[in-house]
Amino acid sequence: MLKVEDLRVYYRSLRGDVQALDGVSFSLADKEIMGLVGESGCGKSTLGKSLIRLDGRMRHVGGSAELDGETLPIADDARMNEFRFRKVSVIPQYAMSALNPTRRIGRMVRELVESRGIRFPTVRAELDRRLALVGLDQDVLERFPIELSGGMKQRMVMVISTLLNPSLLIADEVTSALDVSTQKAVATALAGFRDHDLVRSMIVITHDVSLVYQIADTIMVMYAGKLAEKAATDVIVSRPKHPYTQLLISALPEVGVRYDGKRLVGIPGSPPSLRPAPTGCRFRDRCPLAFDKCAEQPPFVEVEPGHSVACWKAS
Amino acid sequence: MLKLEGVSKTYKVGAFARQDLAAVRDVSFELRPGEVVSLIGESGSGKSTIGRMILRLTSTTSGTITFGGKDIATLRRGALRDYYREAQGVFQDPFSTYNPVFKADRVLTMIRQSYFPDVGDADWRTRVREALAAVSLNPDLVLDKYPHQLSGGQLQRLLIARALLLDIKLLVADEVISMLDASTRIDVLNLLADLKERGLAVLFITHDLSLGNYLADQTVILRRGSIVERGATAEVFGDPTHPYTRTLLSSVPRLGERWTDTELEHGPCRYHQLHPDGTDPAGPALAAVGDDHFVACFALGEDRKCGQP
Ligand SMILES: Nc1ncnc2c1ncn2[C@@H]1O[C@H](COP(=O)(O)OP(=O)(O)OP(=O)(O)O)[C@@H](O)[C@H]1O
Ligand SMILES: Nc1ncnc2c1ncn2[C@@H]1O[C@H](COP(=O)(O)OP(=O)(O)OP(=O)(O)O)[C@@H](O)[C@H]1O
Ligand code: SF4
Ligand SMILES: [Mg+2]
Ligand SMILES: [Mg+2]
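Residues numbered from 1 in each chain as written. Chains lettered and ligands numbered in written order. Predicted model: local features only at pLDDT ≥ 70, side-chain atom pairs only at ≥ 80, totals over all residues. Heavy atoms only, no water.

### Re the packing of helix H7 (residues 152-165) of chain B against helix H8 (residues 182-197) of chain B
All names here are of chain B.
For step 1, the next point in the chain: Interaxial distance between H7 and H8 falls to 12 Å at its minimum, and their mutual angle equals 15°. As the angle between them shows, H7 and H8 are arranged roughly parallel. Remark: the crossing between H7 and H8 carries left-handed chirality. Contact residues: Arg-157, Ile-160 and Leu-164 in H7; Thr-184, Val-188, Leu-191 and Leu-195 in H8. (Axes fitted to C-alpha atoms, helices over the stretch in contact; angles between N-to-C directions. Helix = DSSP H or I, 4+ residues; strand = E, 2+ residues; numbered from the N terminus. Parallel < 35°, antiparallel > 145°, perpendicular 65-115°, else oblique. Left-handed = near helix turned anticlockwise from the far one by under 90°. Contact = heavy atoms within 4.5 Å.)

Printed below as a string of structure tokens:
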């Protein structure tokens, strides 16, 4: 199980820090699949990356993360190495561009596995089984990344990342490049990985609430570097408490609408700059319910069992 | 305006490029000014390849693509540049379009260098701000940053803004909304709807059927490189005829409704009902099943013969 406590990770930049992840606390139970949603740029990928590898510009400012009782040495790249891939694994956003273009897929998998001190033949049969699980043919191993379509690469990366049965899998926008029938297959495969105990728990980052609705046990909503709300999937979808979640859910189109019939409306306004972040509730400028008290940052608190919200109007 | 006739693309793949991979097979459709055609299909069905061929980023193996009556394969230098002034694309994986060494907004500066060298600084800044506002980007958040400092959705919208700086007539939009959250997505779609009203033609490549419907006049369903169904969006969505189209529609994730398993049905094939002896060696074309609605043989692109499960 994963426990994240007041995690703060900023990006260094010439004109000051970008407060992309600013005091995030939540936990993830064994067997839990948590959907992580929120507007583009709200820090979803930053949260995912923080639990596996900080890139050169990311700075661990505070807080901690604990996986199965062990504290993750977030700021220590070398020590994190023992955890990566074996205990925490990530399928990065645009994983497909991360594949080395000069290597055949099969050779790349072999090198990766061997770099972890595991003999390739011992995982070969499992590899084939998992390729089948996501609907890929074995001959993709003979191909170069450029010869695969976006969706095929995405599924390939998914297989690679879960090969060593990590305890925590972070899947960052893994289905957004796929057609709906493949999406369904991949999302079902993800849930299957959990059901078969190949991974213990999972964070599925996506902008697609209807998709995580299909497989996630819980949904966590982020806004501008902070948590807005976390609850069981059905609760988020049917009775969200945070104004941002409410607007987000109601902005989802029904199948079949057309702009000349019913023009959809998004959420007016745009998220604040995070360099530095504004004080008070970060949703304040766009919130239809904002009042005086919102000049203070609302805490992320449990308002009913398993349902936490950061909003003065919700508690 | 844009017309594809019998377009195919075969890639050489595998060891020593000895295998042929038919990525696009005999695809024909048309795009008129102010029209949005959505191109829908499974991963690997050749959607991006079609988009890339239209923008001449990949050659065709056979068939022709004409823009305003001119075969685009014949365009050279000046004529090609003029073509790009009118036709632009925004591709699926925004990271690959940016050079990590340069600031992301260089993609905008390059447009200025190639097409608007005479525009003054102040005027240019205004144009950039307008284009960014149109895609809901805050200039302070995205200008003067390196690609890795921006999120996926921000990079993608920057590319749409780049296309807007040119007064284009054709936009190839390859999965431009797939990385965006619901609200930003609506902003981008409404922007495309407005541009369409002003005469822009859009090839809208997407897998999102709930939104494919929102803009598109015409829908083309692609499977394994071939068109299996196409026609007026209302007809294709209202009366999906090919089993693959039906599977797609039933896979659309909907809020409040969990996926159920659907059996993929097989035949009797509508194509062969209409063309009983349609065993053209050139492969089956499309049969009309409505005023503006065409479908291929159900076994097309499958590893089975028509009529067999
Ligand atoms: N290296 C960096 N330097 C400075 N700022 C950065 C850097 N990387 C990301 N950011 C900023 O941090 C914020 C969070 O980015 P992140 O990639 O986590 O967003 P996201 O929620 O994953 O968005 P998307 O849905 O578009 O992928 C954004 O505003 C982004 O511009
Ligand atoms: N440069 C290339 N060399 C060889 N094969 C390629 C190349 N580009 C694409 N392909 C192959 O052509 C087929 C079609 O690929 P394409 O990228 O057009 O699919 P797509 O429909 O855009 O898929 P996705 O939805 O996953 O992006 C795939 O089987 C892919 O492996
Ligand atoms: S704290 Fe205030 S501004 Fe923030 S979401 Fe709640 S009501 Fe709106
Ligand atoms: Mg992201
Ligand atoms: Mg593609």
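### Concerning the pairing of strand E11 (residues 301-304) of chain A
All names here are of chain A.
For step 1, the next point in the chain: In terms of strand pairing, E11 meets strand E12 (residues 307-309) through 3 bridges, oriented antiparallel. Opposite Val-301, over in E12, you have Val-309 as the bridge partner.
For step 2, the next point in the chain: Here E11 folds back onto E12 in antiparallel fashion, the turn holding 2 residues, of which Gly-306 has a positive phi close to 75°. (Pairing = 2+ DSSP bridges.)

### What to know about the domain arrangement of chain B
Residue and element names in this part refer to chain B.
For step 1, the next point in the chain: For chain B, the domain assignment lists domain 1 (32-53 + 74-219) and domain 2 (225-252 + 262-309).
For step 2, the next point in the chain: Each partner contributes to the interface: domain 1 provides 12 residues, whereas domain 2 provides 13 residues.
For step 3, the next point in the chain: Note on domain 1 versus domain 2: buried area summed over both sides is about 960 Å², and carbon and sulfur give 55% of it.
For step 4, the next point in the chain: If you sort the residues of domain 1 by the area they bury against domain 2, Leu-209, Gln-218 and Thr-219 come out on top, with a joint share of 55%.
For step 5, the next point in the chain: In this assembly, domain 1 and domain 2 are joined by 0 salt bridges.
For step 6, the next point in the chain: Where domain 1 touches domain 2, the interface holds 7 residue pairs in polar contact (both at pLDDT 80 or more).
For step 7, the next point in the chain: Elements supplying a minimum of two residues to the side of domain 1 that touches domain 2: strand E3 (36-41), helix H9 (209-215) and strand E9 (218-223).
For step 8, the next point in the chain: The element that contributes the greatest number of residues to the side of domain 1 that touches domain 2 is H9, accounting for 4 residues.
For step 9, the next point in the chain: Looking at the side of domain 1 that touches domain 2 residue by residue, the class counts come to 3 nonpolar, 7 polar and 2 charged. (Domains from an automatic or database assignment. Buried area = accessible area lost by both parts, 1.4 Å probe. Salt bridge = Lys/Arg side-chain N within 4 Å of Asp/Glu carboxyl O. Polar contact = N/O pair within 3.5 Å; in protein donor to acceptor, adjacent residues only side chain to side chain. Nonpolar A, V, L, I, M, F, W, Y, C, P; charged D, E, K, R; others polar.)

### Focus: the side chain of Ser89(A)
Residue and element names in this part refer to chain A.
For step 1, the next point in the chain: Assignment of secondary structure puts Ser-89 in strand E6 (residues 88-91).
For step 2, the next point in the chain: For Ser-89, a relative accessible area of 3% puts it in the buried group.
For step 3, the next point in the chain: Ignoring any residue separated from it by four or fewer positions in sequence, one finds Ser-89 in contact with Ile-52, Ser-161, Pro-166, Leu-168, Leu-169 and Ile-170. (Buried < 20%, exposed > 50% of the residue type's maximum accessible area, 1.4 Å probe, protein only.)

### So, the packing of aromatic side chains
For step 1, the next point in the chain: For the coordinates displayed, the defined rule picks out 6 aromatic pairs over all chains.
For step 2, the next point in the chain: An angle of 35° between the planes, with centres 5.8 Å apart, marks the rings of Tyr83(B) and Tyr84(B) as tilted.
For step 3, the next point in the chain: A network of ring pairs unites the aromatic residues Tyr223(A), Tyr244(A) and Phe283(A) as a single cluster.
For step 4, the next point in the chain: The ring centre of Trp312(A) lies 4.3 Å from the NZ or CZ of Lys293(A), which sits over that ring.
For step 5, the next point in the chain: Across from the ring centre of Phe102(B), 3.7 Å away, lies the NZ or CZ of Arg106(B), which sits over that ring. (Phe/Tyr/Trp six-rings, centres within 6.5 Å; stacked < 30°, edge-to-face > 60°. Lys NZ or Arg CZ within 6 Å of the ring centre and 35° of its normal.)

### Some remarks on the site of ligand 2
For step 1, the next point in the chain: The local shell around ligand 2 holds 21 residues, among which Glu147(A), Gly151(A), Gly44(B), Ser48(B) and Thr49(B) are the closest.
For step 2, the next point in the chain: In this structure, ligand 2 sits where chains A and B come together, each supplying nearby residues.
For step 3, the next point in the chain: Within the side chain of Lys47(B), a nitrogen or oxygen atom sits 2.7 Å from an oxygen atom of ligand 2.
For step 4, the next point in the chain: Here an oxygen atom of ligand 2 sits 2.7 Å away from a polar atom, N or O, in the side chain of Ser48(B).
For step 5, the next point in the chain: Here ligand 2 loses 89% of its free accessible area of 640 Å² to cover by the protein chains.
For step 6, the next point in the chain: Going through the elements one at a time, helix H6 (150-162) of chain A together with strand E1 (2-13), strand E2 (19-31) and helix H1 (47-54) of chain B are the ones with two or more residues in the shell around ligand 2.
For step 7, the next point in the chain: Tallying contributions element by element places H1(B) first for the shell around ligand 2, with 3 residues.
For step 8, the next point in the chain: When the residues that make up the shell around ligand 2 are grouped by side-chain class, the tally is 7 nonpolar, 10 polar and 4 charged. (Near = heavy atom within 4 Å. Areas by Shrake-Rupley, 256 points an atom, 1.4 Å probe, with all protein chains shown as cover.)

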